[in-house]
Amino acid sequence: MTGPAYDAALHLLDRQVVDSEGRMVCKVDDLELTVGDGGELVPTGLLVGLPALLPRFGRRIGAELTRTHARIFEAQAHRTSPDVVDIDLVEEVDSEVRLSVPRAGLLRPRDDDPSGPERVRLGDLLGLPVTAAPGHGLHRGSRLLDVRLVAVPDGRRHVVDALVVGPGRPGALLGYDRRSEPGPWLVADLVRWLHRHARVVGVGPEVVIDREDRVVRVGPGASVRPLLG
Amino acid sequence: MKRYLNVLLGVLTAIGGFVDIGDLVTNAQVGARFGLSLVWVVVIGVIGICVFAEMSGRIAAVSHRATFDLVRERLGPRMGFVNLVGSMLVTLLTFIAEIGGVALALQLVTSVNHVLVVPFVAAAVWIVLWRAKFSSIENVLGLLGLTLIGFAVALWQLGPDWGELAASLGEKPAQESWATYAFFGVALFGAAMTPYEVFFFSSGGVEERWTRKDIGVMRANVFIGFPLGGLLSVAIAGCAAVVLMPQGIAVETLGQVALPVAVALGKVGLAIIVLGFFAATFGAACETGLSTGYSLAQYFGFQWGKYVRPDEAAGFHVILLVATVLAAGVLLTGVDPIMVTEISVVFSAVALPLTYFPILVVANDPDYLGEHRNGRVANLLGVGYLVVITLSAIAAIPLMIVTSMGQG
């Protein structure tokens, strides 16, 4: 993958995936993150298909749609597991996601043994409530809005380096909250005002994503800086 | 030299391709009831479609992304889906109206009831979508559509009192209420700024593999072709205002749209205009049909487009077939295509903000467009039209109810 750092939900999710011959393959319906030995989150695959897309329609509607989908395809062994495109096959990410291989026979679910590394979906993490000690400047209603991916020095892999948190208000995907220059002024100013409480929290020992309790805990020593600026 | 010929061809097809069944019917209806007093709406609509098409064409040329890619990327899967359903319904409704329009045009020639013609028209549309090259669909039908210039010739031949006609520009006829005036204003706006035009335009840019170098040609097509197409719309309204309005004839059939041309130019003129009806509606039927496939494929990410072999975009072609069968099925119930047209232009106005807003946002995004992102003028117009489009979308359905589709 290219680019030193980018925000996964803003720059990767829902992008068009194109194969090595320029033909369209699918959309990035969700992103697979693998929990490393030190607890770090590493993007390892693009998740594809209705089992990946439907849960992103919101907690309640998404769960209902996923159940319905599983009921319709009851005979299929993999009816709830999405197809995976391994992240190593991704050559470049810009306005489309280019793969290094042709598309024929590419999509299949991951054949994991249960003792393997723990994997989570980005879509499952987005929207988790964030709790922090007062004095951090985090808004009380803060949720996880996005994760920032940074290339690790040794080469191709990326790792989740920071969390974008803020009150979950509309317009986070428009991108105005991340950059100060683009207009048009009326729309941009409104979105920036809505997201004035958004912050970037650096990933570290003080930041815990508790997937059991479905909450992100930000400890007193965590680094918090404004999103814009 | 070839470059100039390309620009000329693009402009001519943009003129011929601008008018569809919605423009034909709505402009004639408005002309017959309101004279030229709503021409200002056509002007606003044409500038609007220029702003919208130029932004989406620029995005397609620089980032190779078409409308529904951007809708999903910028609004997320859930809002994007709501958006997809709304836009698909309006596009399907327009598709039905266009196929019905082709059938009505053939009925004018053959006197065979349009319901009987519909299956053949639908089959022809599907075969063209399946087999014909993208550029031949656009060029052949666009150029044939130029025969609608007959309306301008007819208006000139009718020799109206130009001073009187000009005086009626700003004046609402006394017998019409403000509510119906506003309703037809919204309908005319929806007819000029039909959402599928932009789906088709931006997807067409990807089909024809536009690059940064093509932005100039694209702009010439938009800024010359669309306004001239808008002039044709005004000529249609003008003809109706001169011939039909004094007689108190309300436009309810496609034949009545052509009537002023028959009065002014006789049989030959009529024949040419009916050919224009056929080409314009058939071309628009292809464009709307393709647009249903474009929207769905762009949301879900599977291969679309006529630039690959049909078997490489099998899902896309299945959608085109299903949409065509569906449209034919609706028309076979005997529903009046003119009524479908009237409804489709109003809902076009309702659905417009759904796709306009994401395009405006991305047109400002340096990640997609780099140095080609919106400048000051584009943004001034862009935000201005965001307000206009939103207002007309909000007003459309209440006005439709209050005026009983413009009858009150």
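Keep in mind that what you see is a predicted model, and the values were worked out from it rather than measured.

S.K.: Looking at this model, I keep getting lost on the overall build of chain A. Mind explaining?
M.R.: Within chain A, the regular secondary structure consists of five helices and 17 strands. In terms of overall dimensions, chain A is globule-like: its C-alpha atoms have a radius of gyration of 18 Å, near the 17 Å expected for 229 residues. Residues counted as buried form 50% of the 229 residues belonging to chain A. By sequence separation, contacts in chain A at least 24 residues apart represent 60% of the contacts at least 6 residues apart. Of the roughly 11000 Å² of accessible surface on chain A, 53% is carried by carbon and sulfur atoms. Each charge class in chain A was averaged separately, 30 positive and 33 negative side chains, and the resulting centres sit 7 Å apart.

S.K.: Quick question: what am I supposed to make of the overall build of chain B here?
M.R.: When helices and strands are counted, chain B shows 16 helices and zero strands. Here the C-alpha atoms of chain B give a radius of gyration of 20 Å, agreeing with the 22 Å that 2.2 N^0.38 yields for 408 residues. For chain B, the C-alpha atoms occupy an extent of roughly 55 × 50 × 45 Å along the three principal directions. Buried residues in chain B amount to 58% of all 408 residues.

S.K.: Sorry if this is basic, but what is going on with a nonpolar patch on the surface here?
M.R.: Taken together, the side chains of B:Val43, B:Ile47, B:Val377 and B:Leu381 make up a nonpolar region of the molecular surface, amounting to roughly 330 Å² of accessible area. For B:Leu381, the position within the fold is in helix 16 (residues 376-402).

S.K.: Can you walk me through the interface of chain A and chain B in this structure?
M.R.: Quite often, the size of an interface is put as the accessible area lost when its parts meet. The interface of chain A with chain B comprises 31 residues on the first partner and 32 residues on the second. Both sides of the chain A and chain B interface together cover about 2800 Å² of buried area, and 56% of this is carbon and sulfur. Where chain A touches chain B, the interface holds six salt bridges. Across the pair A:Asp14 and B:Arg72 runs a salt bridge whose closest N-O atoms are separated by 2.7 Å. Going through the elements one at a time, helix 1 (8-11), strand 3 (24-27), helix 2 (50-53) and helix 5 (185-194) of chain A are the ones with two or more residues in the side of chain A that touches chain B. For the side of chain A that touches chain B, the element with the highest residue contribution is strand 3 of chain A, accounting for four residues. When the residues that make up the side of chain A that touches chain B are grouped by side-chain class, the tally is 16 nonpolar, five polar and ten charged.

S.K.: For this particular structure, what's the right way to read the sheet that holds strand 10 (residues 119-121) of chain A?
M.R.: Within a sheet, each strand pairs with its neighbour through backbone hydrogen bonds, oriented either parallel or antiparallel. Residue and element names in this part refer to chain A. Within the open sheet, the five strands sit side by side as 9-6-5-4-10. Their pairing is antiparallel. Looking at which strands have only one partner, the edges of the open sheet turn out to be strand 9 (108-109) and strand 10. Bridge analysis of strand 6 (residues 83-86) against strand 9 gives two bridges, and the strand direction is antiparallel. The partner of Val-84 across the bridge, within strand 9, is Arg-108.

S.K.: What exactly am I supposed to notice about the nonpolar core here?
M.R.: The nonpolar side chains of a soluble globular protein tend to be buried with one another. Counting residues in hydrophobic clusters, the biggest one holds 123 residues, and the most contacted among them are B:Leu148, B:Phe151, B:Phe277 and B:Tyr356. Among all residues touching B:Phe277, those that are not within four sequence positions of it are B:Leu24, B:Ala105, B:Leu108, B:Leu148, B:Phe151, B:Leu254, B:Val257 and B:Ala258. Counting residues in each nonpolar core, the second largest holds 40 residues, with A:Val28, A:Leu33, A:Val201 and A:Val207 among its members.

S.K.: How should the domain arrangement of chain A be read in this particular structure?
M.R.: Residues and elements named next belong to chain A. Looking at the assigned domains, one finds that chain A contains domain 1 (5-122) and domain 2 (127-226). Placing a centre on the C-alpha atoms of domain 1 and another on those of domain 2 gives a separation of 22 Å. Listed by partner, the interface residues are 21 residues for domain 1 and 19 residues for domain 2. Contact with domain 2 buries surface across domain 1, with Asp-7, Leu-10 and Leu-41 losing the most and accounting together for 31% of the total. Between Asp-7 and Arg-148 there is a salt bridge, with the nearest N and O atoms lying 2.7 Å from each other. Scanning the region where domain 1 abuts domain 2 turns up nine residue pairs in polar contact (both at pLDDT 80 or more). Among the secondary structure elements, those contributing two or more residues to the side of domain 1 that touches domain 2 are strand 1 (5-7), helix 1, strand 4 (30-35) and strand 5 (41-48). If one sorts the elements of the side of domain 1 that touches domain 2 by residue count, strand 5 sits on top with four residues.

S.K.: Hey, could you run me through helix 3 (residues 39-63) of chain B in this one?
M.R.: Side chains that are three or four residues apart share a direction in an α-helix, a result of its 3.6 residues per turn. Residues and elements named next belong to chain B. Under the 1.5 Å per step criterion, the end-to-end length of helix 3 is 36 Å for 25 residues, consistent within 8% with the ideal 36 Å. Among the 25 residues that make up helix 3, 21 are buried, leaving the element largely enclosed by the rest of the structure. Remark: His-64 follows helix 3 within two positions and exhibits a positive phi of approximately 60°.

S.K.: What am I meant to see in unusual backbone geometry here?
M.R.: Trans peptide bonds make up most of the peptide bonds, and negative phi angles are found at most residues other than glycine. For A:Arg214, which is not glycine, the phi torsion reads 55° and is therefore positive. You can see A:Arg214 is positioned in the loop between strand 15 (207-210) and strand 16 (215-218). Despite not being glycine, B:Ser111 has its phi angle at roughly 65°, a positive value. Note that B:Ser111 resides in the loop between helix 4 (67-110) and helix 5 (114-131).

S.K.: Sorry if this is basic, but what is going on with the side chain of A:Asp30 here?
M.R.: Residue and element names in this part refer to chain A. With respect to the element layout, Asp-30 can be found in strand 4. Of the side chains bearing the opposite charge, Arg-56 lies closest to the buried Asp-30, which forms no salt bridge; the N-O distance is 4.9 Å. One polar contact links the side chain of Asp-30 to the main-chain amide nitrogen of Gly-123, over a distance of 2.9 Å. If we skip the residues at most four places from it in the chain, Asp-30 touches Leu-13, Gly-45, Leu-46, Leu-47, Ala-52, Arg-56, Arg-121, Leu-122 and Gly-123.

S.K.: Any chance you could explain the pairing of strand 5 of chain A here in plain terms?
M.R.: The side chains of a regular strand alternate, residue by residue, between the two faces of the sheet. All names here are of chain A. Counted residue by residue, strand 5 has eight buried out of eight residues, so it is predominantly covered. If you look at the hairpin formed by strand 4 and strand 5, you'll find five residues sitting between the two strands, and Gly-39 has a positive phi there, around 85°. As defined by bridge partners, strand 5 adjoins strand 6 across four bridges and the pair is classed as antiparallel. By the bridge assignment, Val-48 is partnered in strand 6 with Asp-83.

S.K.: When you look at the confidence of the model for chain B in this model, what are you seeing that I'm missing?
M.R.: Low-pLDDT stretches of the model should not have their predicted coordinates read in fine detail. Chain-level pLDDT for chain B is 92 on average; 100% of the residues reach the 70-or-more range. Looking across chain B, the model is least confident in helix 1 (residues 2-18) of chain B, with a mean pLDDT of 83, and most confident in helix 13 (residues 314-332) of chain B, with 96.

What counts, and where the lines are drawn
Residues numbered from 1 in each chain as written. Chains lettered and ligands numbered in written order. Predicted model: local features only at pLDDT ≥ 70, side-chain atom pairs only at ≥ 80, totals over all residues. Heavy atoms only, no water. Helix = DSSP H or I, 4+ residues; strand = E, 2+ residues; numbered from the N terminus. Rg over C-alpha atoms; globule rule 2.2 N^0.38 Å. Buried < 20%, exposed > 50% of the residue type's maximum accessible area, 1.4 Å probe, protein only. Contact = heavy atoms within 4.5 Å. Areas by Shrake-Rupley, 256 points an atom, 1.4 Å probe, with all protein chains shown as cover. Lys, Arg positive; Asp, Glu negative; His and termini not counted. Charge placed at Lys NZ, Arg CZ, Asp CG, Glu CD. Patch = residues over 30% accessible without salt bridge, like charges linked within 9 Å, V, L, I, M, F, W, Y side chains within 5 Å. Salt bridge = Lys/Arg side-chain N within 4 Å of Asp/Glu carboxyl O. Buried area = accessible area lost by both parts, 1.4 Å probe. Nonpolar A, V, L, I, M, F, W, Y, C, P; charged D, E, K, R; others polar. Pairing = 2+ DSSP bridges. Core = buried A, V, L, I, M, F, W, Y, C linked by side-chain atoms within 4.5 Å. Domains from an automatic or database assignment. Polar contact = N/O pair within 3.5 Å; in protein donor to acceptor, adjacent residues only side chain to side chain. Expected span 1.5 Å × (residues − 1). pLDDT = per-residue confidence, 0-100.

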